[in-house]
Amino acid sequence: EFEELMNKCSWKKEKIDEVEGFRVVGKNGNSIFLPFNGFITHEKKLDGHNVLINRKIHVAENGSGYYWTSSLDVNNPKMAWGFVINPNTQGMNIYERYCGLYIRPFCIKK
């Protein structure tokens with residue numbers, strides 16, 4: 001689906017309620033908004049007998065969005081494909097599965 005978004009849709013930078021991202025429009029006129037949301041990593045630290053988990057949100061200065069696809073890396077099951085957007089480009093990349101990339105759920109209106 002993300003390859004279809006990249007190759008068969010038009011992309012326009014847009015801001016909705018102070019959130020920047022891309023409005024992606026298909027040939028049939030349907031669209032989806034993909035915000036610049038960054039991604040999340042977690043760091044574990046030991047504090048005595050307790051494990052502390054620090055969450056860090058990474059966002060590029062000019063905006064970026066990271067979304068999971070449904071595809072694992074066939075050579076390494078600890079990795080999966082993600083879809084990356086920023087103001088200049090869109091593309092696919094492989095990420096470690098523990099990274100907090102977002103998903104973009106949608107519903108079909110009846």
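Look above for the structure.
Residues numbered from 1 in each chain as written. Predicted model: local features only at pLDDT ≥ 70, side-chain atom pairs only at ≥ 80, totals over all residues. Heavy atoms only, no water.

**A closer look at the nonpolar core**
Put simply, the rule is: Residues belong to one nonpolar core when they are buried, are Ala, Val, Leu, Ile, Met, Phe, Trp, Tyr or Cys, and are joined through side-chain atoms within 4.5 Å. Burial classes follow relative accessibility: with a 1.4 Å probe on protein chains only, a residue under 20% of its type's maximum area counts as buried, one over 50% as exposed, and anything between as partly exposed. Residue contacts are defined here by distance: any two heavy atoms, one from each residue, within 4.5 Å place the two residues in contact.
By size, the foremost hydrophobic cluster in this structure holds 11 residues: Phe2, Leu5, Cys9, Phe22, Val24, Ile32, Leu34, Phe36, Tyr67, Phe83 and Ile85. Once you skip the residues sitting within four places of it in the chain, valine 24 turns out to touch Leu5, Cys9, Ser10, Trp11, Asn30, Ser31, Ile32 and Leu34. With 8 residues, the next largest nonpolar core counts Phe39, Ala80, Val84 and Tyr95 among its residues.

**Observations concerning the side chain of asparagine 37**
Selection criterion: Strands are runs of DSSP state E lasting at least 2 residues, helices are runs of H or I lasting at least 4, and numbering of each runs from the N terminus. A 3.5 Å cut-off defines polar contacts: any pair of N or O atoms within that distance qualifies, except that in protein one atom must be a possible hydrogen donor and the other a possible acceptor, and neighbouring residues in sequence count only when both atoms are side-chain atoms.
Summarising the element assignment, asparagine 37 is placed in the loop between β3 (31-35) and β4 (39-47). Looking at asparagine 37, its side chain comes within polar contact range of the side chain of tyrosine 67, at 3.3 Å. Those residues in contact with asparagine 37 that lie beyond four places of it in its chain are Val59, Ser64, Gly65, Tyr66, Tyr67 and Tyr102.

**Focus on the packing of aromatic side chains**
Our working rule: Here the aromatic set is Phe, Tyr and Trp, taking the six-membered ring for Trp, and pairing holds for ring centres within 6.5 Å; pairs whose planes are under 30 degrees apart are stacked, those over 60 apart are edge-to-face, and all others are tilted.
Taken as a whole, this structure holds 5 aromatic pairs when the rule is applied. An aromatic cluster is present here, built from Phe2, Trp11, Phe22, Phe36 and Phe83 joined pairwise through their rings.

**Remarks on the environment of leucine 72**
If you trace the backbone, leucine 72 turns up in strand β6 (residues 65-73). For leucine 72, a relative accessible area of 43% puts it in the partly exposed group. Through-space distance from the C-alpha of leucine 72 to that of isoleucine 103 is 15 Å; in sequence the pair is 31 residues apart. Residue contacts for leucine 72: discarding those within four places in its chain leaves Pro77, Met79, Ala80, Trp81 and Arg97.

**Notes on the sheet that holds strand β1 (residues 10-16)**
Where strands meet in a sheet, backbone hydrogen bonds hold them as pairs that are either parallel or antiparallel. Note the following rule: Strand pairing follows a simple DSSP-based rule, namely that at least 2 bridges must link the two strands. Lines are fitted to the C-alpha atoms to define the axes, a helix being fitted only along its stretch in contact, and any angle between axes, read from their N-to-C directions, falls within 0 to 180 degrees.
The 3 strands are arranged β1-β2-β3 in an open sheet whose pairing can be described as antiparallel. With partners counted over all chains shown, the strands left at the sheet margins are β1 and β3, one partner each. The sheet shows a mean angle of 30° between the axes of neighbouring strands, taken without regard to direction.

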